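Tertiary structure, described
Given next are the chains, with one letter for each unit.
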Amino acid sequence: MRKITQALSAVCLLFALNSTVTAHASSPSPLYPGTDVAKLAEQAPIHWVSVAQIENSLMGHPPMAVGFDIDDTVLFSSPGFWRGQRTYSPDSQDYLKNPEFWEKMNNGWDAFSIPKEVARSLIAMHVKRGDSIYFVTGRSQTKTETVSKTLQDDFLIPGVNMNPVIFAGDQPGQNTKTQWLKEKNIRVFYGDSDNDITAAREVGARGIRVLRASNSTYRPLPQAGAFNEEVIVNSEY
């Protein structure tokens, strides 16, 4: 009888422990977690700059060639990439290797891309300076493209400042971003990815980071400021 009682007690204890674990596992996050002033004031110790400060730093310098990455730098283009993945490879990134996707993306799907406000400010500043503007993208090249016209229209770039988009891509035999920056003698290059910053530095150009929006489909988000580069404030939109 004593053994039966002990066994029942053990079963009850195990059931109680299991119920507790299950309850904890299924408990929702606190509805009102709260915060404190230290969390609100916390800032990453990186080199933040504003568009006005960049403009001020260029005072006294003659017009030059400046470059911009496209996706997540001047355009929030995730809608097109999202549609491309859903259409061509819902469960993988294989759509990025599909020529049909790039034909669509480079010939009309940027109608769904949202111009970033930081890009409007930067491009207007460089146009005022008389700089020659290049867009150097990692997108694959296609036989035709409407990206150049879209960018020129979106950002009101005069023809004298505008250059056709350069599609660096990743095909054998194509110039890399680094090679294009060197060939076009680009002195300032804006981008959201680590590759944009390192490519600029490899050719002695000034690489300036634009923040990638947190809802971008391009993951993981990069660590802005990891190379001690300048990072533009409020540049996620």
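Keep in mind that this is a model prediction, so the values were computed, not measured.

**Comments concerning the UniProt feature "active site" (unreviewed entry) in the protein**
In the numbering used here, UniProt assigns the "active site" (unreviewed entry) feature to Asp 69 and Asp 71. The class for Asp 69 is buried, based on a relative accessible area of 5%. Excluding anything up to four places from it in sequence, Asp 69 contacts Val 74, Val 136, Thr 137, Lys 177, Phe 189, Tyr 190, Gly 191, Asp 192 and Asp 196. A distance of 3.0 Å separates the side chain of Asp 69 from the side chain of Lys 177, its partner in a polar contact. By the element assignment, Asp 71 lies in the loop between β2 (65–68) and β3 (75–76). Classification of Asp 71 by relative accessible area gives buried; the value is 14%. Excluding its chain neighbours within four sequence positions, the residues that come into contact with Asp 71 are Ser 77, Phe 81, Thr 137, Arg 139 and Asp 192.

**Observations concerning the confidence of the model for the protein**
Model confidence for the protein is summarised by a mean pLDDT of 89, while 87% of its residues fall at 70 or above. Here residues 1–25 is modelled with pLDDT under 50, and outside its nearest four sequence neighbours on either side it reaches 0 contacts, counting other chains as well.

**Observations concerning the sheet that holds strand β1 (residues 47–49)**
The parallel open sheet is built from 7 strands, whose spatial order is β1-β9-β8-β7-β2-β5-β6. Lying at the two open borders of the sheet, with one neighbouring strand each, are β1 and β6 (166–167). Relative to strand β9 (residues 230–232), β1 is paired through 3 bridges, and the arrangement is parallel. Looking at the pairing, Trp 48 lines up with Val 231 of β9.

**A short note on the UniProt feature "binding site: Mg(2+)" (unreviewed entry) in the protein**
UniProt annotation of "binding site: Mg(2+)" (unreviewed entry) refers to Asp 69, Asp 71 and Asp 192 when read in the numbering used here. Across 124 residues, the annotated set stays spatially compact, with a maximum C-alpha separation of 8.3 Å. Its place among the elements puts Asp 69 in the loop between β2 and β3. Reaching out from Asp 69, the side chain makes a polar contact with the side chain of Thr 73 at a distance of 2.8 Å.

**Observations concerning the packing of aromatic side chains**
Centre-to-centre distance and the angle between the planes together describe a pair of aromatic rings. Throughout the structure, instances matching the rule amount to 7 aromatic pairs. For the pair Phe 81 and Trp 102, a centre-to-centre distance of 5.9 Å together with 80° between the ring planes defines the contact as edge-to-face. Of this pair, Phe 81 sits in helix α4 (residues 78–88) while Trp 102 sits in helix α5 (residues 99–106), placing them 21 residues apart in sequence. With respect to class, Phe 81 is no different from Trp 102; both count as buried. With centroids separated by 5.0 Å and ring planes inclined at 80°, the aromatic side chains of Tyr 95 and Phe 101 adopt a geometry described as edge-to-face. A network of ring pairs unites the aromatic residues Phe 81, Tyr 95, Phe 101, Trp 102 and Trp 109 as a single cluster.

**Describing helix α9 (residues 194–202)**
Buried within α9 we find Asp 196, Ile 197, Ala 199 and Ala 200. Along the axis of α9, the buried residues cluster in a sector spanning 165°; they form a single face. Lining the buried residues of α9 we find α8 (177–183), β7 (186–191) and β8 (206–209). A positive backbone phi angle near 75° is found at Gly 204, which sits one or two residues after α9.

What counts, and where the lines are drawn
Residues numbered from 1 in each chain as written. Predicted model: local features only at pLDDT ≥ 70, side-chain atom pairs only at ≥ 80, totals over all residues. Heavy atoms only, no water. UniProt positions renumbered as here; feature names shortened; annotations may be inferred. Buried < 20%, exposed > 50% of the residue type's maximum accessible area, 1.4 Å probe, protein only. Contact = heavy atoms within 4.5 Å. Polar contact = N/O pair within 3.5 Å; in protein donor to acceptor, adjacent residues only side chain to side chain. Helix = DSSP H or I, 4+ residues; strand = E, 2+ residues; numbered from the N terminus. pLDDT = per-residue confidence, 0-100. Pairing = 2+ DSSP bridges. Phe/Tyr/Trp six-rings, centres within 6.5 Å; stacked < 30°, edge-to-face > 60°. Arc of directions from axis to C-beta.

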